[in-house]
Amino acid sequence: MSPDALPATMDAQRAFFRSGKPHEPEFRMESLRRLQGALQRHEKALLDALRADLGKSEAEGYLTEVGFVLQEVRHTLKHLPRWVRPRRVPTPLVFQPARQRLYYEPLGATLIMAPWNYPVGLTLSPLVGAIAAGNTVVLKPSELAPASSRAIAELVRDAFDPAHVSVVEGGKEVSQALLAETWDHIFFTGGTGIGRIVAKAAAEHLTKVTLELGGKSPAIVTAQARLDVAARRIAWGKFTNAGQTCVAPDYLLVEARVYAPFLAELKAAIRAMYGENPATSPDYGRIINGAHFERLKGLITPEALILGGEHDAQARYIAPTLLGDVPATHPAMQDEIFGPILPVLKVPDLEAAIARISEHPNPLALYVFSEDRREQQRVIARVPFGGGCVNHTIVHLADPNLPFGGRNQSGLGAYHGEHSFEVFSHRKAVHEAATWLDPTLKYPPYARQLPLLRKLLR
């Protein structure tokens, strides 16, 4: 769909929504089944597109994108019949006889704006929730992942009536045109800077918005950690998709007494996964484009380099790179890295690690590696962050039972599984009063009733 067709498409989607068809539970289920079937039919095209855009292997593309969305669809199909039912809530005695329910109501016309780093997964995963909640949807894939954008557009045309789900492709001007329209909900995944622009545009129309952003997500390794396991899980979480993951560990804080042995384990883990020359590894990705390549290359300073650093502009390749104990003023410590560069910082103890994290805005994710339950709980209780893991990285993002989202600068709202259904719904509260009895307690004059009302309303 071209931007010029947007007004007509929105008119068609609003008319389709008013018809009530998207609200019907069986239509929602059938739509999800169509999405499931289309994902299976278009799997090869999607995986080929991910390789073209980001150098993803078939295994990584399936694990982190196509399979990830299929899991979300299957989970939603299994549970949606329960989610759509009205939910009883208790009724206070003072308002009896009555019953109260929450009804999950579709929002209407929704816009999903997706990023380039997981262009399939982060476009279609929120779509699952929007369909499950009974909405119409316009998808805007990232123009920075053009092959994936085209593949998604083909999949959507194959699976859906454009009056229900449509795709708009294009760059900045298209995004601006979309944001100028009036939506019932905008779901945006991307950087904090663009997130502010989306929030301002939504505020003009008082539109409900979900922002999935990012930030500098730390990982802490204490002296009580299993160093070999921590190294493997950090290397995997950091260098999957060449580090272009919003919840990838952005920097490490390692307790000083285990700094040297942990660093040796981390180097060994990287070599075990990607070989002595990661450029030849079939499992190691590439940087999305030249601009991001140049930005990342500028973060690698020779004096801080302890592993990697090799790069090839033509291939958009940057090796898995470790930087030593760099100061807070180092370029890699200023903003989210979003690439395969990992500063490994030394701290005297856990308290110092917590203090270092507080120097940055609330991160989207946090990871703590320790076998000591008290240390784990101290970090969880003391550090504000969107979500995270104890003794692992990034896997909390993949479980549809867990809400995924940030806080403050790292995001607004959360989704996945039932949380996606809720974020694309309005909870309508309804009090259903009986008429066979009408106690006068709540009616004036109140003088005689006040002592009893005080007791009832405690």
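Residues numbered from 1 in each chain as written. Predicted model: local features only at pLDDT ≥ 70, side-chain atom pairs only at ≥ 80, totals over all residues. Heavy atoms only, no water.

Engineer: Outline the pairing of strand β4 (residues 136-140), supporting the account with residue identities and numerical values.
Structural biologist: Regular strands show a simple pattern: their side chains alternate between the two faces of the sheet. Among the five residues that make up β4, five are buried, leaving the element largely enclosed by the rest of the structure. Across the two faces of β4 the burial is the same, with T136, V138 and K140 and V137 and L139 all buried. Sheet topology places strand β3 (residues 109-113) next to β4; five bridges connect them, and they run parallel. Paired with M113 across the strands is K140, a residue of β4. In this structure, β4 lies alongside strand β5 (residues 165-167), joined through three bridges in parallel fashion. Its bridge partner being in β5, V137 is matched across the sheet by V165. After leaving β4, the chain enters helix α6 (residues 146-159) and then returns to the sheet as β5, a path that is right-handed. (Buried < 20%, exposed > 50% of the residue type's maximum accessible area, 1.4 Å probe, protein only. Helix = DSSP H or I, 4+ residues; strand = E, 2+ residues; numbered from the N terminus. Pairing = 2+ DSSP bridges. Right-handed = clockwise from strand over helix to strand, strands pointing away.)

Engineer: Provide a residue-level description of the sheet that holds strand β2 (residues 98-106), including the pertinent values.
Structural biologist: Pairing is antiparallel in the open sheet, where three strands are placed in the order β1-β2-β18. In the strand order of this sheet, the two ends are held by β1 (87-89) and β18 (425-433), each with one partner. The mean angle between the axes of side-by-side strands here comes to 30 degrees, regardless of whether they run parallel or antiparallel. Where β2 meets β18, nine bridges bridge the pair, whose relative direction is antiparallel. From the neighbouring strand, E105 faces β18, where its bridge partner is H426. (Axes fitted to C-alpha atoms, helices over the stretch in contact; angles between N-to-C directions.)

Engineer: I'd love a proper account of the state of the cysteines, names of residues and values included.
Structural biologist: Scanning all chains against the criterion turns up zero disulfides. Unpaired in this structure, C246 has its nearest cysteine sulfur neighbour in C389, at a distance of 12 Å. A relative accessible area of 9% means that C389 is categorised as buried. (Disulfide = S-S within 2.5 Å.)

Engineer: Residues and numbers for the environment of T240, please.
Structural biologist: Mapped onto the elements, T240 comes out in the loop between α9 (227-239) and β9 (251-255). Linking T240 and P348, residues 108 residues apart in sequence, is a C-alpha distance of 29 Å. With residues near it in sequence (within four places) discarded, T240 still touches E60, T64, Y118, A235, T245 and Y274. (Contact = heavy atoms within 4.5 Å.)

Engineer: Could you give an account of the environment of E60, with specific residues and numbers?
Structural biologist: Looking at where E60 falls in the secondary structure, it is placed in helix α4 (residues 58-83). Discounting chain neighbours no more than four positions away, the residues touching E60 are E65, T240, N241 and D283.

Engineer: Hey, could you go over helix α3 (residues 43-54) for me, with residue numbers and the actual values?
Structural biologist: Its 12 residues place the ends of α3 16 Å apart at the C-alpha level, agreeing with the 16 Å of an ideal helix rising 1.5 Å per residue. When α3 is considered as a whole, its buried residues turn out to be L46, L47, A49, L50, D53 and L54. For α3, the angular spread of buried residues about the axis comes to 160 degrees, placing them on one side. Taken together, the buried residues of α3 touch α2 (25-41), α4 and α6. In the stretch just after α3, G55 is the one whose phi turns positive, near 65 degrees. (Expected span 1.5 Å × (residues − 1). Arc of directions from axis to C-beta.)

Engineer: Run through the pattern of salt bridges, naming residues and quoting values.
Structural biologist: By the definition in use, this model includes 24 salt bridges. E255 is the partner of R257 in a salt bridge, and the nearest nitrogen-oxygen pair spans 3.2 Å. A relative accessible area of 7% places E255 in the buried class. Residues E351 and R382 are paired through a salt bridge, measuring 2.5 Å at the closest nitrogen-oxygen approach. Residue E351 is found in helix α12 (residues 350-357), and its partner R382 is found in helix α13 (residues 373-382); the two are separated by 31 residues along the sequence. A network of salt bridges, in which partner residues are shared, links E26, E30 and R33. (Salt bridge = Lys/Arg side-chain N within 4 Å of Asp/Glu carboxyl O.)

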